[in-house]
Amino acid sequence: MFTGIITGVGQIIESQALGADPSHGRRLTLQTPKGFVDDVGLGDSIAINGACMTVTTFDAPAARFTIDVSAESLARTVGLGDLGPVNLEKALRAHDRLGGHLVTGHVDGVGTVSHFAPVGESWELRIRAPQSLARFLAYKGSITINGVSLTVNRVEDQADGQAEFSINLIPHTVENTALGQLKAGSPVNLEVDLIARYVERMLNSAGRIAS
């Protein structure tokens, strides 16, 4: 479990194929900020751009660790197959503060940035979410974008069933996460609010039982 509060921006510095065909995944080596892996152990969970992954090796003095990403995970997420910056968050501990919202690290779908520009001292980020996730978006509701816990400021349903939603990013968020690298057309990992998923399931189940 995670909170969506990014604790470091790392870099995927190496991506090695684990086999010769597309059914195999990749082994990634990540460079992290100094001290980030000092309390990390083998098998620990770390969210990388919002996707929960397992540490397979780590080198604390070099501030590096590796993960193995399956072909399934690569197909259902973005930002894990290429070299470059990624948002990092270590798993939530029982005594930690819940600064963001409850995040599982299971990516629900991929959205696309439609607009990203400064507005006053902040930045407006607009994203088009796929039809399968549109019903989970609500004004002032929570959404996780590339692992970052954020609040939805506006939702507009589209004629094709998708939804475009707007986020306000303060300078601190832009400067201390990899979201500042986004631009129009960038794909992003989305995880909808955990409570919204359960509510949707309960409402659907109640309808089937009643009928």
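These notes cover the structure that comes with them.

Calculation rules
Residues numbered from 1 in each chain as written. Predicted model: local features only at pLDDT ≥ 70, side-chain atom pairs only at ≥ 80, totals over all residues. Heavy atoms only, no water. Pairing = 2+ DSSP bridges. Helix = DSSP H or I, 4+ residues; strand = E, 2+ residues; numbered from the N terminus. Core = buried A, V, L, I, M, F, W, Y, C linked by side-chain atoms within 4.5 Å. Buried < 20%, exposed > 50% of the residue type's maximum accessible area, 1.4 Å probe, protein only. Contact = heavy atoms within 4.5 Å.

### Remarks on the pairing of strand E4 (residues 51-59)
Here is step 1: The sheet contact formed by strand E3 (residues 45-48) and E4 spans 4 bridges and is antiparallel. Pairing of Ile48 across the sheet is with Ala51, part of E4.
Here is step 2: Where E3 hands over to E4, the hairpin turn is made up of 2 residues, of which Asn49 adopts a positive phi near 50°.
Here is step 3: Note: E4 against strand E5 (residues 64-69), 4 bridges, orientation antiparallel. Paired with Phe58 across the two strands is Phe65, which belongs to E5.
Here is step 4: If you look at the hairpin formed by E4 and E5, you'll find 4 residues sitting between the two strands, and Ala63 has a positive phi there, around 60°.

### Considerations on the nonpolar core
It is characteristic of soluble globular proteins that their nonpolar side chains tend to be buried jointly.
Here is step 1: Core analysis: the largest hydrophobic core is formed by 25 residues, its most contacted members being Leu125, Ile143, Ile145, Leu150, Phe165, Ile167 and Leu169.
Here is step 2: Residue assignment for this core shows that the elements contributing at least two residues are strand E7 (109-119), strand E8 (122-129), helix H2 (131-134), strand E9 (142-145), strand E10 (148-157), strand E11 (163-169) and strand E12 (187-192).
Here is step 3: In terms of residues, this core owes the most to one element, E11, which gives 4 residues.
Here is step 4: Those residues within four positions of Leu150 in sequence are excluded, and the remaining contacts are Gly141, Ser142, Ile143, Ile145, Ile167, Leu169 and Leu179.

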